[in-house]
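Each chain is listed here by its residues.
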Protein chains: 2
Amino acid sequence: MKKLINDPESVVSEMVAGFVAAYPKKVKQVPGTNVVVRADAPVQGKVGIVSGGGSGHEPAHGGYVGKGMLDGAVAGEVFTSPTPDQVFEAIKAVDGGKGVLLVIKNYTGDVMNFEMAAELAEVEGIKVEKVIVNDDAAVENSTYTVGKRGIAGTVLVHKIAGALAETGATLEEVAAVANKVVANLSTMGMALSPSTIPAAGKPGFTIDENEMEIGTGIHGEPGIERSEIKTADEVADILLNKVVNQLHLEKNNEVAVMINGLGATPLMELYIVNNRVSSVLKEMDISVRETFIGEYMTSLEMAGCSITLLRLDQQLSELLDAQADTIAFKK
Amino acid sequence: MKKLINDPESVVSEMVAGFVAAYPKKVKQVPGTNVVVRADAPVQGKVGIVSGGGSGHEPAHGGYVGKGMLDGAVAGEVFTSPTPDQVFEAIKAVDGGKGVLLVIKNYTGDVMNFEMAAELAEVEGIKVEKVIVNDDAAVENSTYTVGKRGIAGTVLVHKIAGALAETGATLEEVAAVANKVVANLSTMGMALSPSTIPAAGKPGFTIDENEMEIGTGIHGEPGIERSEIKTADEVADILLNKVVNQLHLEKNNEVAVMINGLGATPLMELYIVNNRVSSVLKEMDISVRETFIGEYMTSLEMAGCSITLLRLDQQLSELLDAQADTIAFKK
């Protein structure tokens, strides 16, 4: 295992400490937890938004804490749901009197623990709504998941719900727009190589030197097809077709595109994938409002990528365009 | 070789096409070249700034084209200097009448080709100044280099020279501040694994499963020491000591810090490195104005990182803080 770490058991706490030390004007840590919140949290009169999940997906989710996106992020152990008490601490730290929206990637442990935290919060009189993100078009049910998994598209839920929350909207309105994003969001990924959880010390799966896997999850969960490595154009076509079909996209639809690197894939390769994606969408008369390329939701040092499309309407476009000032996402 | 590409011979042209397709409001391609420039280039009455070099270091340099940083970036073949005619095209495309500054990483081929381009430009009546960045503290002379290599710190040269250029400063003033950055800049890197040039098809060097190398260059050039993998804290101490000594930093100095990932190293590990860096600098009474953590100057899918420090004064601090609106660097 080749990692720049000190102790596999302390990677998350050291990561959070190093993160907060880097950005003291933007974020602060809730003492005694692995929760980071906006430096100005709680923001009075604004719905608070909390997301999180297992660590190993950086910059998700701490990188999206800031004006226009998340108020708080909870970091569980690597690829492990955060505990309800940590989520509860995040809710308390960001509640500015208008309630808190929880953005939960659809994994059984995350859903259960965020729900338990919501119950704890409601006992304390904090209104909580939940939105479950299940953008992964690859498979129904999987390791860790009943239903579809939540992956990179989650970042666009943060962006759009966060933008609406900044306008002073109610908790119900913010939850509604987050659910609208989920209903118009689809992602599909692929992997060329596995990642290694520090405490496990060995890769989560094996894949031959000439093989790739389509539909792999962000924790290395099985995908839908193993094959010899295909070209970037062929991979782009497979992922894009699935996502376009999932969303029933039609001529003259407008979308946002995210080409997400899973950790070890050079930006060069993501740009090459986008070269195909942008030209296929153009041929289909699907208009691209904005393209995001980079590492938004990783799987440690996994090589591979995912393609996300979000179908836009007037409201979603305006919220996508709104200002955001976080560490990993600025507009 | 596990890469998301179509043809090893066309990775750069496809990358540039995919990049420009993603960000049409921000950049445009000079037709028939691998040069990208600001969408509004040339900006009249502003010094133009051009950088570039071999590809494989993305987001460098195209990602830094935009308001407050570069006017143009030239992409050579992978790990190969761009040709003089391509650099010349970039100079012509960004000259707004106040001359053009070339920011050159110190590799023999880059220096030669950028200088030839400068001569071509001067024949056409375009004033050109050059600044050579040699921030790598690891070694004097190396593969491809006489003197010290130019690596991740180059991004801070772009940032600060770009900010001064936006104020309407003269070419001489912009060149002077770029040289001032170089005089106060030091970087040191390390590698855990090699990268593979697509056209070569195999890794540029080999390194044992339990080994790391200190001082490796961003093209896999040899460093100064191979050893068993050390902890993140030990690695941070080695790199930081070298950089602090190189700059003769003293108590109460103020610096900017960049923890740069070389391609395959998870952000989690970079945050863990920063946890050590920030605490050591604090113990030394060296004040950190700003910390940048991420992939700023990569080496394809190499695993490893570099640490950069830039000593600041009033002028450099103000220019560092100024607005920048590029694809990979926003303030």
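These numbers were taken from a predicted model, which means no experiment stands behind them.

1. Here we look at the pattern of salt bridges
Charged atoms that come close allow side chains of opposite charge to pair.
Residue and element names in this part refer to chain A.
Step number 1: Under the counting rule described, the total for this entry stands at 40 salt bridges over all chains.
Step number 2: Among the salt bridges present, the one from Arg149 reaches Asp136, with a minimum N-O distance of 2.9 Å. Of the two residues, Arg149 is situated in the loop between strand E7 (128-133) and helix H4 (154-166) and Asp136 in the loop between E7 and H4; the sequence distance between them amounts to 13 residues.
Step number 3: Each of Arg38, Asp40, Lys46, Lys67, Asp71 and Glu166 takes part in one network of salt bridges that share partners.

2. Quick notes on H4 of chain A
All names here are of chain A.
Step number 1: Between its terminal C-alpha atoms H4 stretches 18 Å, which fits the 18 Å expected from 13 residues at 1.5 Å a residue.
Step number 2: Burial analysis of H4 places twelve of its 13 residues in the buried class, the great majority of the element.
Step number 3: Every buried residue of H4 is listed here: Thr154, Val155, Leu156, Val157, His158, Lys159, Ile160, Ala161, Gly162, Ala163, Leu164 and Ala165.

3. Points about the packing of aromatic side chains
Step number 1: In this structure the tally under the stated criterion is ten aromatic pairs over all chains.
Step number 2: Ring centres of Phe292 of chain B and Phe329 of chain B lie 5.3 Å apart, and the angle between their planes is 35°; on these two criteria the pair is classed as tilted. Here Phe329 of chain B lies in the segment after strand E14 (325-326) and Phe292 of chain B lies in strand E12 (residues 287-294), a separation of 37 residues in the sequence.
Step number 3: Residue classification places Phe329 of chain B among the buried positions, given a relative accessible area of 4%.
Step number 4: Site record: aromatic cluster; members linked through ring pairs are Phe19 and Tyr23 of chain A together with Tyr271 of chain B.
Step number 5: Residue placement shows Lys92 of chain A over the ring face of Phe88 of chain A; its charged tip is 4.3 Å from the ring centre.

4. A look at the relation of the copies chain B and chain A
Step number 1: Mapping chain B onto chain A calls for a rotation angle of 180° and an axial translation of 0.0 Å; the resulting RMSD is 0.0 Å. The transformation just described matches what one would write down for a two-fold rotation axis. Relative to the rotation axis, the closest C-alpha in chain B is found at Ala264 of chain B, a distance of 2.0 Å.
Step number 2: Most of the interface of chain B is mirrored in chain A, where 100% of its interface residues again form contacts.

5. Some remarks on the interface of chain B and chain A
Step number 1: Contacts between the two partners involve 54 residues from chain B and, on the opposite side, 54 residues from chain A.
Step number 2: Here chain B meets chain A over a buried area of about 4,500 Å², counting both sides, of which 61% is carbon and sulfur.
Step number 3: Ranking the residues of chain B by area buried against chain A places Lys2, Leu4 and Met268 of chain B at the top, with a combined share of 21%.
Step number 4: Remark: the boundary between chain B and chain A carries two salt bridges.

Scoring rules and cut-offs
Residues numbered from 1 in each chain as written. Chains lettered and ligands numbered in written order. Predicted model: local features only at pLDDT ≥ 70, side-chain atom pairs only at ≥ 80, totals over all residues. Heavy atoms only, no water. Salt bridge = Lys/Arg side-chain N within 4 Å of Asp/Glu carboxyl O. Helix = DSSP H or I, 4+ residues; strand = E, 2+ residues; numbered from the N terminus. Expected span 1.5 Å × (residues − 1). Buried < 20%, exposed > 50% of the residue type's maximum accessible area, 1.4 Å probe, protein only. Phe/Tyr/Trp six-rings, centres within 6.5 Å; stacked < 30°, edge-to-face > 60°. Lys NZ or Arg CZ within 6 Å of the ring centre and 35° of its normal. Least-squares fit on C-alpha atoms with pLDDT ≥ 70 in both. Contact = heavy atoms within 4.5 Å. Buried area = accessible area lost by both parts, 1.4 Å probe.

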